[in-house]
Amino acid sequence: MIYCLIIGLPVLLAYCADKTKGALNVILTVAALFVPCFFAGVRDETVGTDVLTYGIWTFNAAEAQGFTEFMHSYAAISAPGFNLLSWIMGRTGSFELYLGSIQALTVCPLYLYVRRRYRKSTWSAMAIYMLLLFPISLNAMKQMIAVSFCLTAYELIERKKFAKFTIYILIIALLFHQTAVVFLVAYPIIRLLYGMHDGQNAFFGKVQGLITWTIIAALFFIAFVFGNLLIELIAPIKDSYSYQLQASGSRLNYSALVMTAVLIATYLIWRPKNRANGSGLSKEQAVLASVSIIGSIAFQLNIIATSLLRFAYYFVSFLTLYIPSLMKDSAGKAARRSAWILLIFFVFYFVQVYVINGGNAVYPYTSVILGVG
């Protein structure tokens, strides 16, 4: 029941914020963002495997060591931006505040970016965040900060700012998590997808769609066929990457497979209704849907190595843009119907993946501070 409160309260507050203006809107928005940060902060150390893997001892070291000593000793363990955050929060002496600040750096950039794009439907973005990404963020803490900031680079892709996009992503990779470099592939893929839905500006003309999906299929083929070789090549770069050599792959990710099927099905529900008008929003929705589908397929990288599915996070995060775009009043009834189907599906996805299967080791939620568990 505690997860009903954790998930439901920020969604309700975000919904109320969508319906208000002025100071009340600001207060409700801050409250909506505070809730996940609060519950992330006061959780026990056992909620999320990475908390005990590196979270607690990173904080203890940051608390005990001077700035230069800590930044030097942890340079090979975490990115400098995360280490700086750890050292600053170490000055407070509060591990709870440390965990809360990590969550703030994840949920705030993502939510505020969605709020700027889809002012009246941010509650649906909060819903998908809490059902899908929040549980992940309680475990993959460093990476999810990078995922959130990478999502905000989508606008640079829209505006065809390749140089700024590249520099921005490289800065994120340098400051928070090296895997952010994977997001560089988003630029050419998304530009191809936009061309596929805009015949006048399609680089490959009438065969833009065929070539685009052929390229995407080829990238997945390379990843699945040569994935083990790639792991062997990158493992020596950093000590923490050597884990990949021992992290053998697992079976097909059936939950993600169902996610892919549902995303495709809901896309087919609204797309024919909007194809005729050819509006900018319709094209945007189609691109966001495609990227979300790509992300759901990328979960299958766990077949190569279990933790490789983490690369999928950079692309399934687009669901926080896709679903609010479907919820817009101008999107049409078919689009909003698809959005509701997706939200209902992710309720069941949360139960299956996190509650029943114990994904990311975040369930059950326990907190000594709150007397839960």
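Everything below is about the structure printed above this text.
Where do I start with the overall build of the chain in this structure?
Within the chain, the secondary structure is distributed over 18 helices and zero strands. Each of the 373 residues in the chain was classed as buried or not, and the buried ones make up 56%. Within the chain, counting contacts between residues at least 6 apart in sequence, those at least 24 apart form 73% of the total.

What is the right way to look at the environment of Gly 93 in this model?
Along the polypeptide, Gly 93 turns up in the loop between helix H5 (80–90) and helix H6 (95–117). Under the relative-accessibility criterion, Gly 93 is labelled partly exposed at 43%. Gly 93 sits 30 residues away from Glu 63 along the chain, and the two C-alpha atoms are 6.6 Å apart. For Gly 93, the residues in contact, after removing those within four places along its chain, are Phe 59 and Glu 63.

Before we go on, may I ask you to explain unusual backbone geometry in this structure?
Outside of glycine, negative phi angles account for most residues, and trans bonds account for most peptide bonds. Cis peptide bonds are those with omega within 30 degrees of zero, and the linkage from Tyr 363 to Pro 364 qualifies with 5°. Take Pro 364: it is sitting in the segment after helix H18 (333–356). The residue Lys 160 is not glycine, and still its phi comes out positive at about 60°. Position of Lys 160 among the secondary structure elements: in the loop between helix H9 (154–158) and helix H10 (162–175). A positive phi angle, close to 60°, is found at Asn 360, a residue other than glycine. Topologically, Asn 360 is positioned in the segment after H18.

I tried to follow a positive patch on the surface on my own but got confused; where do I start?
A contiguous patch of positive charge on the surface is contributed by Lys 19, Lys 21, Arg 119 and Lys 120. Tracing the backbone through its elements, the reader meets Lys 19 in the loop between helix H1 (2–18) and helix H2 (22–41). Residue classification places Lys 19 among the exposed positions, given a relative accessible area of 56%.

In this structure, what is going on with the packing of helix H3 (residues 49–64) against H5? I would like to understand it.
Two packed helices can be described by the angle between their axes and the distance between those axes. One way to put it is that H3 packs onto H5 with a least axis distance of 8 Å and a crossing angle of 65°. In terms of crossing hand, the pair formed by H3 and H5 is right-handed. Facing Tyr 54, Thr 58, Phe 59, Ala 62 and Glu 63 of H3, the residues of H5 in contact are Phe 82, Ser 86, Trp 87, Met 89 and Gly 90. Looking at the contact of H3 with H5 residue by residue, the class counts come to six nonpolar, three polar and one charged.

Thresholds applied
Numbering of residues starts from 1 in every chain and runs along the sequence as written. Where local features are concerned, this predicted model is filtered to residues with pLDDT of at least 70; where side-chain atom pairs are given and counted, the filter is 80 or more; whole-chain, interface and lining totals use all residues. As a convention, hydrogens and water are excluded, and side-chain values are obtained from all of the structure's heavy atoms. Numbering of helices and strands starts at the N terminus; helices are DSSP runs of H or I of at least 4 residues and strands are runs of E of at least 2. Only protein chains enter the accessibility calculation, which uses a 1.4 Å probe; a residue whose area is less than 20% of its type maximum is buried, one above 50% is exposed, and one in between is partly exposed. Throughout, a contact is declared for two residues whenever any of their heavy atoms are within 4.5 Å. Grouping into patches uses exposed residues only, defined as over 30% relative accessible area, and leaves out salt-bridged ones; the cut-off is 9 Å for like charges and 5 Å for nonpolar side chains (Val, Leu, Ile, Met, Phe, Trp, Tyr). Residue-level accessible areas treat just the shown protein chains as cover; the underlying method is Shrake-Rupley with a 1.4 Å probe. Salt bridges are defined as contacts in which a side-chain nitrogen from Lys or Arg sits within 4 Å of a carboxyl oxygen from Asp or Glu. All tallies of charge rest on Lys and Arg as positive and Asp and Glu as negative; His and the ends of each chain are not included. Charge positions come from single atoms, namely NZ of Lys, CZ of Arg, CG of Asp or CD of Glu. Orientation is described by lines fitted to C-alpha atoms, with helices fitted over the stretch in contact, and by angles between N-to-C directions that extend from 0 to 180 degrees. For a crossing to be left-handed, the near helix must be turned anticlockwise from the far one by less than a right angle; the clockwise case is right-handed. Here the term charged refers only to Asp, Glu, Lys and Arg, the term nonpolar to Ala, Val, Leu, Ile, Met, Phe, Trp, Tyr, Cys and Pro, and the term polar to all other amino acids, Gly among them.

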